[in-house]
Amino acid sequence: MSAKTDPRALAAQALAGVAAGQSLRAAFADTCAKLRDPRDRALLSALLHEGARWWLRFDVALDAMLERPLRERDADIHALLVLGLVQLETMGLSDYAAVAATVEATRSLRKPSFAGLVNALLRRWLREREARNAALDADAATRSAHPRWLVGKLLSDWPEQAESILAANNAPARLWLRVNRRRIARADFVVQLAATGVESRVPDAAPDALILDASRDVITLPGYAQGFFSVQDGAAQQAAMLLDLRGGQRVLDACAAPGGKSAHILETADVALTALDKDARRLPRLHENLGRLGLTADVRAGDAAVPRDWWDGKPYERILLDAPCSATGIIRRQPDVKLHRRADDIPALAATQARLLDALWPLLARGGRLVYATCSVLADENARQIGAFRERHADARAVAVPLAWHAAGTGAQNLTGESGMDGFFYGIVEKHN
Ligand SMILES: C[S@@+](CC[C@H](N)C(=O)[O-])C[C@H]1O[C@@H](n2cnc3c(N)ncnc32)[C@H](O)[C@@H]1O
C-alpha cells in the first residue's frame, strides 16, 4: 500500500497536521477525498477523530517511552505511534492486527526505517500497559486527555459536574436533526425515515427535533434535497423558541453563518431576517442552506461590532447573538478544540463577546429582546458575561430562560451530554426604560 491508499498512513499525516494547528474538519475533508472505499473512509474517520480525542493522553505516554523525541520532519511517525496506542486502547482492535497494520503503515509512509521502532514501542506498551495506564489515570488531565488549564476551569466553574463533562467530551454524540416544519410535519418525517429503515426518536426537549444513531451520511436520507430537515443539535434548536418570535418582526441574527439558527428562525415565523456574518467566505454555505430549505433572508457580510458599516438605522425587535466562543461545549463533536484552544483565548473571547453585546444593544428596539448564546460551558463567556453586561446597561432587564437547565446567573446552561445535547448557554435581556 502507498500512503495514498493506506487509511492509517493518511490518518497519521492528517493527525500530525491537526497537532500542528490544522482544523480537524479541514484535515479530514482533504484526506477523505483521497480514499474511494467507504470502509477505508470510515476507518480514516474513526482513527482521526479518536486520535485527536485522545492525543493529550497518548502523546504524554509516548514522551515517557521514547528515549528522545522524534524530529519535526517525522511528526507523521509520532502521530502514527499515537494512533497505534489509540487502536490498542480505545478502538477495541485486536492487539496483533493493530500492531501489524501500524508497522505496515511506516512502509506506506515510505519510512520503513521506523518499522522496528514502531514495532518495539507498541509491543513494549502491550507488556507494560497496565502500569502505564494507571499512571496516566492518576492525573485528571491525562486521564481525560484535556489540557490542564481547561480541567482547572471546569473544576472551578462546575466542581460537581466537572468529571461528567470531561467524560461526555470523550463520548460519541448522537445525530440530531431539525425537521423543517414548513415542508413536512415531524410525525410524517418519522414515518418516511422508518420506511427506508432509519429509526428515529422524538425527544421532549425540542419541538422540531429528531434523534438518530450517530454517523450517517445525511445526504442519503429521504427528503434532504427537498429541504425536509437540517442537522442541528437539540441545544442549538432552543434559540428560535427563546426569541419569542411574532410575525412581521425585524430580526437580526448577528453571527449567522452557516445559518443553522437563521433557518430555524425563518421556519418558525414570518419575520424579516437580517443574517449577518463577518466572514464572507462562510456566506455561500448560508445561502446554500437557506436555498435548500426554501427560506429567504437579507444576507450581509459585516462586522457586528461596527453597525455603521451595514445597519440601515431601523431598530430590530429581536436580536440573536450566537457569539464566537471557546466551543468548549462541543468538544465531543470537535475534539481538536482540546488541542487548539489556549487558556489566554478565554479572556480574549470574553472581550470580543462584550464588544459585540455593547455594539448591538443600541440596535434593539424599546421592549425588544436580545438572546445571547454560546456553545461554551465556561462562566467567563456565559453567566459572568451577561452579569457584566447588565451592570453596564441600566436599561437591560434579564428575563428568565424557560429551560430546565442549570441556572447560570440569570441565564441557563446545559452541560455537555445532558439530555443528549451539546454544552450550551442562553441568556435573555430585554430593553426597558
Ligand atoms: C457560533 S458561529 C455561528 C453559528 C450560526 N449562528 C449557526 O447557528 O449556524 C459564530 C459565527 O460568528 C461569526 N463572527 C465572528 N465574529 C463576528 C463579528 N464580529 N461580526 C459578525 N460575525 C462574526 C463567525 O464568522 C461565525 O460564523
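What counts and how
Residues numbered from 1 in each chain as written. Predicted model: local features only at pLDDT ≥ 70, side-chain atom pairs only at ≥ 80, totals over all residues. Heavy atoms only, no water. Helix = DSSP H or I, 4+ residues; strand = E, 2+ residues; numbered from the N terminus. Rg over C-alpha atoms; globule rule 2.2 N^0.38 Å. Buried < 20%, exposed > 50% of the residue type's maximum accessible area, 1.4 Å probe, protein only. Core = buried A, V, L, I, M, F, W, Y, C linked by side-chain atoms within 4.5 Å. Domains from an automatic or database assignment. Contact = heavy atoms within 4.5 Å. Buried area = accessible area lost by both parts, 1.4 Å probe. Salt bridge = Lys/Arg side-chain N within 4 Å of Asp/Glu carboxyl O. Polar contact = N/O pair within 3.5 Å; in protein donor to acceptor, adjacent residues only side chain to side chain. Near = heavy atom within 4 Å. Areas by Shrake-Rupley, 256 points an atom, 1.4 Å probe, with all protein chains shown as cover. Nonpolar A, V, L, I, M, F, W, Y, C, P; charged D, E, K, R; others polar. Phe/Tyr/Trp six-rings, centres within 6.5 Å; stacked < 30°, edge-to-face > 60°. Pairing = 2+ DSSP bridges. Axes fitted to C-alpha atoms, helices over the stretch in contact; angles between N-to-C directions. Parallel < 35°, antiparallel > 145°, perpendicular 65-115°, else oblique. Left-handed = near helix turned anticlockwise from the far one by under 90°.

1. Details of the overall build of the protein chain
Consideration 1: Regarding its fold elements, the protein chain presents 16 helices and 12 strands.
Consideration 2: In terms of overall size, the protein chain behaves like a compact globule, its C-alpha atoms giving a radius of gyration of 23 Å where 433 residues would be expected to give roughly 22 Å.
Consideration 3: Along the longest, intermediate and shortest principal axes, the C-alpha atoms of the protein chain span 75 × 50 × 40 Å.
Consideration 4: Counting the 433 residues in the protein chain, one finds 54% classified as buried.

2. Description of the nonpolar core
Soluble, globular proteins show a tendency: their nonpolar side chains are buried together.
Consideration 1: Of all hydrophobic cores here, the largest spans 57 residues; its most connected members are Leu154, Ile265, Leu286, Trp405, Phe424 and Tyr426.
Consideration 2: Sorting elements by how many residues they give to this core places helix 13 (residues 283-293) first, with four residues.
Consideration 3: Built from parts of two domains, this core gets at least three residues from each of domain 2 (175-231) and domain 3 (236-431).
Consideration 4: Sequence-distant contacts of leucine 154, that is, excluding residues within four places in its chain, are made with Pro159, Ala162, Ile165, Leu166, Val377 and Leu378.
Consideration 5: By size, the runner-up hydrophobic cluster in this structure holds 47 residues, among which are Leu10, Cys32, Leu81 and Leu109.

3. Regarding the domain arrangement of the protein chain
Consideration 1: Along its sequence, the protein chain is organised into domain 1 (7-139), domain 2 (175-231) and domain 3 (236-431).
Consideration 2: At the interface, 12 residues of domain 1 touch seven residues of domain 3.
Consideration 3: Here domain 1 packs against domain 3, burying approximately 770 Å² in sum over the two surfaces, 59% of which is carbon and sulfur.
Consideration 4: Taken as a group, Leu24, Arg53 and Leu56 account for 48% of the area that domain 1 buries against domain 3, more than any other trio of residues on that side.
Consideration 5: Viewed at the interface, domain 3 and domain 1 are joined by zero salt bridges.
Consideration 6: Between domain 1 and domain 3 we count five residue pairs in polar contact (both at pLDDT 80 or more) in total.
Consideration 7: Among the elements that take part in the side of domain 1 that touches domain 3, helix 3 (residues 38-65) stands out by supplying five residues, more than any other.

4. Focus: the pattern of salt bridges
Consideration 1: For the structure on display, the rule yields 32 salt bridges.
Consideration 2: Residues lysine 153 and aspartate 380 are paired through a salt bridge, measuring 2.8 Å at the closest nitrogen-oxygen approach. Residue lysine 153 is found in helix 8 (residues 148-157), and its partner aspartate 380 is found in the loop between strand 8 (364-374) and helix 16 (383-392); the two are separated by 227 residues along the sequence.
Consideration 3: On the basis of relative accessible area, lysine 153 is assigned to the partly exposed category, the value being 24%.

5. Some thoughts on the side chain of glutamate 430
Consideration 1: Tracing the chain through its elements places glutamate 430 in strand 12 (residues 424-431).
Consideration 2: In terms of polar contacts, glutamate 430 uses its side chain to reach the side chain of arginine 369, at 2.9 Å.

6. With respect to the site of the ligand
Consideration 1: Neighbouring residues of the ligand: 18 residues in total, closest Gly260, Asp277, Arg282, Asp303 and Asp322.
Consideration 2: Note that a nitrogen atom of the ligand is positioned 2.9 Å from one of the backbone N or O atoms of alanine 304.
Consideration 3: Within the contact set of the ligand, a nitrogen atom lies 2.7 Å away from a side-chain nitrogen or oxygen of aspartate 322.
Consideration 4: Expressed as a share of its isolated accessible area of 600 Å², the protein-covered part of the ligand is 85%.
Consideration 5: Of the residues belonging to the shell around the ligand, the class tally is eight nonpolar, three polar and seven charged.

7. What to know about the packing of aromatic side chains
Consideration 1: Tallied over the full model, the rule gives eight aromatic pairs.
Consideration 2: Here phenylalanine 189 and phenylalanine 228 contribute two aromatic rings whose centre-to-centre distance is 6.2 Å and whose plane-to-plane angle is 90 degrees, an arrangement assigned as edge-to-face. Residue phenylalanine 189 is found in helix 10 (residues 186-195), and its partner phenylalanine 228 is found in the loop between strand 2 (209-212) and strand 3 (229-231); the two are separated by 39 residues along the sequence. Residue phenylalanine 189 shares its accessibility class with phenylalanine 228, and that shared class is buried.

8. Description of the sheet that holds strand 1 (residues 175-179)
Consideration 1: If you walk across this open sheet you meet the three strands as 2-1-3, and the pairing is antiparallel. With partners counted over all chains shown, the strands left at the sheet margins are strand 2 and strand 3, one partner each. The sheet shows a mean angle of 30 degrees between the axes of neighbouring strands, taken without regard to direction.
Consideration 2: Examined bridge by bridge, strand 1 and strand 3 share three bridges and lie antiparallel to one another. Residue pairing in the sheet places arginine 178 in a bridge with serine 230 of strand 3.

9. Considerations on helix 13
Consideration 1: Those residues of helix 13 that sit buried are Leu283, Leu286, Asn289, Leu290, Arg292 and Leu293.
Consideration 2: Directly after helix 13, the chain includes glycine 294, whose backbone phi takes a positive value near 75 degrees.

10. Description of the packing of helix 1 (residues 7-19) against helix 2 (residues 24-32)
Consideration 1: In the contact formed by helix 1 and helix 2, the axes pass within 9 Å of each other and the chain directions differ by 155 degrees. Classified by the interaxial angle, the pair formed by helix 1 and helix 2 is roughly antiparallel. Two packed elements cross with a definite hand, and for helix 1 against helix 2 that hand is right-handed. Here helix 1 contributes Leu10, Ala14 and Val18 to the contact with helix 2, which in turn contributes Leu24, Ala27 and Thr31.

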